[in-house]
Amino acid sequence: MPLEIGRPISSSVDVVCTSLVPPVIARGRITHFDGLAYDLEIDEPVPPITIGAQVILDLTELQGARVIATISEVQGRRMKAAQKAISEPDKRAFPRLYGSVNLHYRDVNIDENDATVDAWISSGLEAAGESWHTPDPFMNFSVTGLKFEESTTHEIGDILLLSFTIPTSDTTFRCRGKVARCKELPNQSGVAIKNNSIAVEFMDMSPEGREALSEFTLLIQGVLL
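Computed from a predicted model, the values in this text were never measured in an experiment.

Rules used throughout
- Residues numbered from 1 in each chain as written.
- Predicted model: local features only at pLDDT ≥ 70, side-chain atom pairs only at ≥ 80, totals over all residues.
- Heavy atoms only, no water.
- Core = buried A, V, L, I, M, F, W, Y, C linked by side-chain atoms within 4.5 Å.
- Buried < 20%, exposed > 50% of the residue type's maximum accessible area, 1.4 Å probe, protein only.
- Helix = DSSP H or I, 4+ residues; strand = E, 2+ residues; numbered from the N terminus.
- Contact = heavy atoms within 4.5 Å.
- Salt bridge = Lys/Arg side-chain N within 4 Å of Asp/Glu carboxyl O.
- Polar contact = N/O pair within 3.5 Å; in protein donor to acceptor, adjacent residues only side chain to side chain.
- Phe/Tyr/Trp six-rings, centres within 6.5 Å; stacked < 30°, edge-to-face > 60°.
- Pairing = 2+ DSSP bridges.
- Axes fitted to C-alpha atoms, helices over the stretch in contact; angles between N-to-C directions.
- Arc of directions from axis to C-beta.

Draft legend 1. Examining the nonpolar core more closely. Counting 24 residues, the largest nonpolar core has L146 and F164 as its most contacted members. Elements with a minimum of two residues in this core: β8 (102–107), β9 (138–141), β10 (145–150), β11 (159–165), β12 (173–184), β13 (196–202) and α2 (207–224). With four residues, the single largest contributor to this core is α2. Once residues within four sequence positions are removed from consideration, F164 is found in contact with V101, N102, L103, T171, T172, F173, F202, M205 and L213.

Draft legend 2. Representation of the pattern of salt bridges. Counted according to the given criterion, the structure contains eight salt bridges. The residue E41 makes a salt bridge to R77 at a minimum N-O spacing of 3.7 Å. With a gap of 36 residues between them, E41 in strand β3 (residues 37–42) and R77 in the loop between β5 (66–75) and β6 (78–87) connect regions that are remote in the sequence. A relative accessible area of 31% places R77 in the partly exposed class. Here the salt bridges share partners, and the residues they tie into one network are D114, D118, R176 and D204.

Draft legend 3. Here's a closer look at the environment of H154. By the element assignment, H154 lies in the loop between β10 and β11. A sequence separation of 26 residues divides H154 from A180, and the C-alpha atoms of the two residues are 9.5 Å apart. In this structure the side chain of H154 is engaged in a polar contact, spanning 3.5 Å, whose partner is the side chain of D107. Within the structure, the side chain of H154 is placed 2.9 Å from the side chain of T152, a separation counted as a polar contact.

Draft legend 4. The arrangement of the packing of aromatic side chains in detail. By the definition in use, this model includes seven aromatic pairs. Ring plane angle 25 degrees and centroid distance 5.7 Å describe the contact between Y98 and F138, whose orientation is recorded as stacked. Taken as a pair, Y98 in strand β7 (residues 97–100) and F138 in strand β9 lie far apart in primary sequence, 40 residues in all. There is no split in this pair, since Y98 and F138 are both buried.

Draft legend 5. Region of interest: the pairing of strand β2 (residues 24–33). Relative to β2, strand β1 (residues 11–17) is paired through seven bridges, and the arrangement is antiparallel. For V16, the partnering residue across the bridge sits in β2 and is I25. Relative to β3, β2 is paired through five bridges, and the arrangement is antiparallel. Paired with R29 across the two strands is E41, which belongs to β3. Turn length for the β2-β3 hairpin, with the two strands adjacent in sequence and antiparallel, is three residues, and the turn residue G35 shows positive phi of about 100 degrees.

Draft legend 6. Structural detail: the sheet that holds β1. Pairing within the closed barrel is antiparallel, and its six strands lie in the order β1-β2-β3-β6-β5-β4. With direction set aside, neighbouring strand axes in the sheet form an average angle of 45 degrees.

Draft legend 7. Helix α1 (residues 114–123), seen in detail. Among the residues making up α1, those that are buried are V117, W120 and I121. Down the axis of α1, the buried set is contained in an arc of 100 degrees. They therefore lie on one face. Exposed residues on α1 whose side chains face more than 90 degrees from its buried face are A115 and S122. Close packing links the buried residues of α1 with β11 and β12.

Draft legend 8. Main features of the sheet that holds β9. With antiparallel pairing, the seven strands of this open sheet are ordered in space as β7-β9-β10-β13-β12-β11-β8. Of all strands in the sheet, those bounded by a partner on one side alone are β7 and β8. Averaged over all pairs of adjacent strands, the angle between strand axes in this sheet comes to 35 degrees, irrespective of strand direction. With two bridges joining them, β9 and β10 adopt antiparallel strand pairing. Within β10, the residue paired with N140 across the bridge is K147. Together, β11 and β12 form the strand contacts of α1, whose direction differs from that of β12 by roughly 110 degrees.

The structure is reproduced here in structure tokens:
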């Protein structure tokens, strides 16, 4: 059942921070929900979660619903988390999950042929002056692709160069990515937002990259189960 809005409540919650390795899970209760933000009271010990951290609120009493949120206040065992989105549990073996992926990406230049891109994928070397974009690392990921928010605009089928790291590996993984979707995000409170939701599919990800993403997926799944 949904949380009551604007009244004192006491509903169990697991607060999961996937940007830490291993991911941290803190158990506690939701004490108030105003429709946009959750007041949380965490059981001891207090986890190392700071203001600005992106977390998953696993609402164990609400049929497994999970909320993507940002920590906006921390006062000892009390925290406030601003809701960003609601994510339904994914039953696939390697589902799309939210986690920390430090991504850099850019368009393929007109003068870059396949050999040049292949050389970059293997070595990471390139000419100076390339313009890379770096979205917020807390994003939706799977072994097949990424979904993130940025201000760049793309057509379906556009090819991007992707370079990223994940918390569970010291390796930088590089590959091509094909844009599967680029959708403008809705305005909030009448303020225009330039950001888009961009989904890309890996085209030539190495077996080592897929294995690392699989391990990261299993680690987060183990925390959420």
